[in-house]
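Secondary and tertiary structure notes
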Amino acid sequence: MIQPRYEVADIINRNIDHLDKITRNTWKLRSLYAIAACRTIRLGYHIDQCNNPECNQIHISYNSCRNRHCPKCQGHKREAWVQNRASELFKTAYYHLVFTLPDGFNPLCLAQPKLMYDTLFNVCWSVVRDFASNPRFLGAKTGMIAILHTWGQNLGLHPHLHCIVPGGGITPSNKWKQVKGHNKYLFPVKSMGKVFRARFVKAMRKQFSLEEELYKQVFKQNWMVYCKAPFFGPLQVIEYLGRYTHKIAISNHRIIALDKSSVTFMVKDYRQGGKKRLFTLSDIEFIRRFSLHILPKGFTRIRHYGIQGSAIKKFIIPLLQQELGTGLFTKKKLIMHRLCPCCKLGRLVTIAVFKPRGPPFSFAFIYF
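Residues numbered from 1 in each chain as written. Predicted model: local features only at pLDDT ≥ 70, side-chain atom pairs only at ≥ 80, totals over all residues. Heavy atoms only, no water.

Take the nonpolar core next. Phe-99, Phe-105, Phe-196 and Phe-200 are the most contacted members of the largest nonpolar core, which has 49 residues in total. Taken together, the elements giving at least two residues each to this core come down to β3 (93–100), α5 (106–111), α6 (113–133), β4 (143–151), β5 (157–166), α7 (189–207), α8 (212–220) and β8 (225–227). Broken down by element, the residue count for this core peaks at 11 residues, all from α6. Leu-19, Ala-249, Ile-255 and Val-267 belong to the second largest nonpolar core, which has 30 residues in total. (Core = buried A, V, L, I, M, F, W, Y, C linked by side-chain atoms within 4.5 Å. Buried < 20%, exposed > 50% of the residue type's maximum accessible area, 1.4 Å probe, protein only. Helix = DSSP H or I, 4+ residues; strand = E, 2+ residues; numbered from the N terminus.)

Laid out in structure tokens, this is it:
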């Protein structure tokens, strides 16, 4: 992949002395400082060696910050996560649902992000679970993988949940029941939108004493649940999940230009059919908006429910794979290796790690 000309870290670094004026949240500040220092001498470096006997090339690299909001640290995490999920898929259609919060709740998302996003996860699963258990639609217990995204193309706050749901479920006798037909919609999306709205507002009433005018305002809005055409096979699901699971608010490749105190990046205008255009923000506003999407400490943004939940999937998934088949990775497996850039054959093995201060964590005799 072509290396981006500009990085989010460039913008943070040239404003490093003013970050505490942009956000007072200490956790967000820690994340910004980590992104700014990623793969620089500030975090130290490590030495890798190719394990190909005909190569044995030495490579010296700066350490990464491993922050989940860093544009440069998501590749290996994404591949590892996708590889683990690949073994849990079975041969059926999978549906992609998107639940979006109306912008009237944005102030609450800023003030109480953990509570609001936890509620979004819980309500969305309750909607999918209950529609699946209804005999009119399926009459079985299904599962769901949910991924939280909080941003829009212009880095504004736009909380929404991407959900991958298998096209069927488990009956009480542990048999697979396929959803009725391979339609575009897993369940009636208009009905799901109404139930989603009612349950979320009910949950808000229990948590907050808000003005009745806010509830009236959000009830006037049409809480649509978006549904994409189903994926007919696990391979398509894997490719899709690889794009969405560890996605962050903006990638380095979207940054087009840096002026003296402003940033220009590419956005998709979905009101114009996804047409691309340039969008410019000042450095301060760019960092402020980027900080909106730094999640609370320890918050889980990818969650598994039902038959795909950690409590029962180790028992249910093998049964479903035996009944339906896997259809994937029998001949070709996902192998996550750091290949040597010189020989393209050997695997890079870390032989020493140097922190900014103190001796290396491991030693090796290195011959240059």
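Having seen it, we continue.
Our next topic: the packing of aromatic side chains. What characterises a pair of aromatic rings is the spacing of the ring centres plus the angle enclosed by the ring planes. Per the counting criterion, the structure on display carries 17 aromatic pairs. Geometrically, the ring pair formed by Phe-131 and Phe-187 is tilted, given 6.1 Å between the ring centres and 35° between the ring planes. Remark: Phe-187 occurs in the loop between β7 (176–178) and α7 and Phe-131 occurs in helix α6; sequence separation between them is 56 residues. For Phe-131, a relative accessible area of 8% corresponds to the buried category. (Phe/Tyr/Trp six-rings, centres within 6.5 Å; stacked < 30°, edge-to-face > 60°.)

The next subject is the sheet that holds strand β2 (residues 58–62). On the basis of which strands lie adjacent, the open sheet formed by three strands has the order β2-β1-β14 and antiparallel pairing. Each edge of the open sheet carries a strand with a single partner, namely β2 and β14 (348–354). Between one strand and the next, the sheet's axes are offset by a mean angle of 25°, whatever the strand orientation. Sheet topology note: the strand β1 (residues 45–50)/β14 ladder contains six bridges and is antiparallel. Its bridge partner lying in β14, Tyr-45 is registered against Phe-354. (Pairing = 2+ DSSP bridges. Axes fitted to C-alpha atoms, helices over the stretch in contact; angles between N-to-C directions.)

The final tally for this structure, using the stated rule, is 10 salt bridges. Arg-129 serves as the salt-bridge partner of Asp-130, at 3.0 Å between the closest nitrogen and oxygen. When its relative accessible area of 26% is taken as the criterion, Asp-130 is described as partly exposed. Residue class for Arg-129 comes out partly exposed when judged on its relative accessible area of 38%. A salt bridge links Glu-285 to Arg-288; its shortest N-O distance comes to 2.8 Å. Taken together, the positions of Glu-285 and Arg-288, both in helix α10 (residues 283–291) and three residues apart, correspond to about one turn of that helix. You can call Glu-285 partly exposed: its relative accessible area is 23%. Accessibility expressed as a relative area gives 36% for Arg-288, which makes it partly exposed. (Salt bridge = Lys/Arg side-chain N within 4 Å of Asp/Glu carboxyl O.)

The final tally for this structure, using the stated rule, is two cavities of 30 Å³ or more. Put simply, the largest cavity is a space of about 110 Å³. Quantified by volume, the second largest cavity comes out at close to 30 Å³. Arg-85, Glu-88, Leu-89, Ile-145, Leu-241 and Gln-308 are the residues that line the second largest cavity. Looking at the lining of the second largest cavity residue by residue, the class counts come to three nonpolar, one polar and two charged. (1 Å grid on protein atoms, 1.4 Å probe; cavity = no way out; pocket = protein on both sides within 12 Å on 5 of 7 lines; lining within 4 Å. Points joined across faces, edges and corners; volume = space filled by probe spheres on them. Nonpolar A, V, L, I, M, F, W, Y, C, P; charged D, E, K, R; others polar.)

On to the packing of α7 against α8, then. One can describe the packing of α7 onto α8 by two numbers: an axis separation of 11 Å at closest approach and a directional angle of 170°. In this view, α7 runs roughly antiparallel relative to α8, as classed from their interaxial angle. The handedness of the crossing between α7 and α8 comes out as right-handed. Touching Arg-197, Ala-198, Val-201, Met-204 and Arg-205 of α7 are Glu-212, Tyr-215, Val-218 and Phe-219, all from α8. Its residues assigned to classes, the contact of α7 with α8 shows six nonpolar, no polar and three charged. (Parallel < 35°, antiparallel > 145°, perpendicular 65-115°, else oblique. Left-handed = near helix turned anticlockwise from the far one by under 90°. Contact = heavy atoms within 4.5 Å.)

Let's shift gears to the pairing of β5. Most of β5 sits inside the fold, with nine of its 10 residues counted as buried. One ladder, built from seven bridges, connects β3 with β5; its direction is antiparallel. Each residue of the ladder has a partner; that of Thr-100, found in β5, is His-160. One ladder, built from six bridges, connects β4 with β5; its direction is antiparallel. Considered in β5, the bridge of Ile-145 is made with Ile-164. As consecutive antiparallel partners, β4 and β5 are separated by five residues, and within that stretch Leu-155 has a phi angle of approximately 70°, a positive value.

Moving on, we come to the environment of Phe-290. With respect to the secondary-structure elements, Phe-290 resides in helix α10. Its relative accessible area of 3% is what places Phe-290 among the buried residues. Sequence spacing of Phe-290 and Trp-151 is 139 residues, and the spatial spacing of their C-alpha atoms is 8.8 Å. In contact with Phe-290, other than residues within four places in its own chain, are Val-8, Leu-32, Ile-35, His-69, Leu-155, Ala-249 and Ile-250.

Attention shifts here to the pairing of β3. With respect to burial, β3 is a largely interior element, seven of its eight residues being buried. In the sheet, β3 pairs with β8 via three bridges, with the strands oriented antiparallel. Following the sheet pairing, Val-98 is matched in β8 by Tyr-226.

Take the confidence of the model for the chain next. The share of residues in the chain with pLDDT of 70 or more is 91%, and the mean pLDDT across the chain is 86. A low-confidence stretch, residues 329–335 (pLDDT under 50), is modelled with eight contacts involving residues beyond four sequence positions or located in other chains. Across residues 362–368 the pLDDT falls below 50, and counting only partners more than four positions away or on other chains, this stretch makes nine contacts in the model. (pLDDT = per-residue confidence, 0-100.)

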